[in-house]
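Secondary and tertiary structure notes
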Amino acid sequence: MNTLEAIGTRRSIRKYTNQPVSPDLIKELLSAAMSAPSAGNQQPWQFVVIDRREILGQAPNINPNAAMCRQAAVAILICGDTSLEKFPGFWVQDCSTATQNLLLAAHEKGLGAVWTGIYPMEDRVRGFRELLSLPQQIIPLALVAVGHPAQLLGPENRYREDRIHHNAW
């Protein structure tokens, strides 16, 4: 699959089979995430891999948009580490690029994944901090549920000419 095909065919998958995701595949996803660009190459990210059923089952209590975690084989929490910042505040963009890389890598490997937002919702940040004992300098940005897809969604053309402006508004 080439890059443009991966971008054009990747969809948010919320239904999974009960097949586990191997540690080697998880490592590949994390490697792709860590290959993302970052401001000043600061790489201010940390990742929490969640594969315990009891923790996955608690995620929707913190983030109601994460109900699919109850069936996902694994979820990956992408966090900004403010102690690693060279350029304060850019951790959000940096961790977002890492999240997109992770999603594209999952798609390439035949896995289904969906990005669920945490930051800047303070109740969600606090909830995941408490659930996973995150240090104060660690800010959870996104929770990505991952599994073998139990649904197939076709490509969707989202190109919108009316959203493009040249040289000025």
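These notes cover the structure that comes with them.

Criteria and cut-off values
Residues numbered from 1 in each chain as written. Predicted model: local features only at pLDDT ≥ 70, side-chain atom pairs only at ≥ 80, totals over all residues. Heavy atoms only, no water. Pairing = 2+ DSSP bridges. Helix = DSSP H or I, 4+ residues; strand = E, 2+ residues; numbered from the N terminus. Axes fitted to C-alpha atoms, helices over the stretch in contact; angles between N-to-C directions. Buried < 20%, exposed > 50% of the residue type's maximum accessible area, 1.4 Å probe, protein only. Contact = heavy atoms within 4.5 Å. Salt bridge = Lys/Arg side-chain N within 4 Å of Asp/Glu carboxyl O.

Across the sheet, four strands lie side by side as 1-2-4-3; this open sheet has antiparallel pairing. The open sheet has two edge strands with one neighbour each: strand 1 (45-50) and strand 3 (112-117). Across the sheet, the mean angle from the axis of one strand to that of its neighbour is 25°, orientation sign disregarded. Direction of pairing for strand 1 relative to strand 2 (residues 74-81): antiparallel, over a ladder of six bridges. Residue pairing across strands places I50 opposite A75, the latter belonging to strand 2.

In this structure, T99 sits in helix 5 (residues 91-108). Given a relative accessible area of 0%, T99 falls into the buried group. For T99 and W115, which are 16 residues apart along the polypeptide, the C-alpha to C-alpha distance reads 7.7 Å. The contact partners of T99, leaving out residues within four places of it in the chain, are I78, W115, L141, A142 and V144.

Side chains three or four residues apart in an α-helix point the same way, a direct result of the helix having 3.6 residues per turn. For helix 6 (residues 122-132), the full list of buried residues reads R124, V125, G127, F128, R129 and L132. Tucked into the core, helix 6 has its buried residues touching strand 1, helix 3 (53-56), helix 4 (59-62), strand 2, strand 3 and strand 4 (138-147). Looking one or two residues beyond helix 6, the residue adopting positive phi is S133, at roughly 55°.

The next subject is the pattern of salt bridges. In this structure the tally under the stated criterion is five salt bridges. Here R11 makes a salt bridge to E156, at a shortest N to O gap of 3.2 Å. In this pair, R11 is assigned in the loop between helix 1 (3-9) and helix 2 (23-34) and E156 in the segment after strand 4, connecting sequence segments 145 residues apart. For E156, a relative accessible area of 40% translates into the label partly exposed. In this structure, the salt-bridge partner of K109 is E28, at a minimum N-O distance of 2.8 Å. Linking K109 in the loop between helix 5 and strand 3 with E28 in helix 2, this pair joins segments that are 81 residues apart in sequence.

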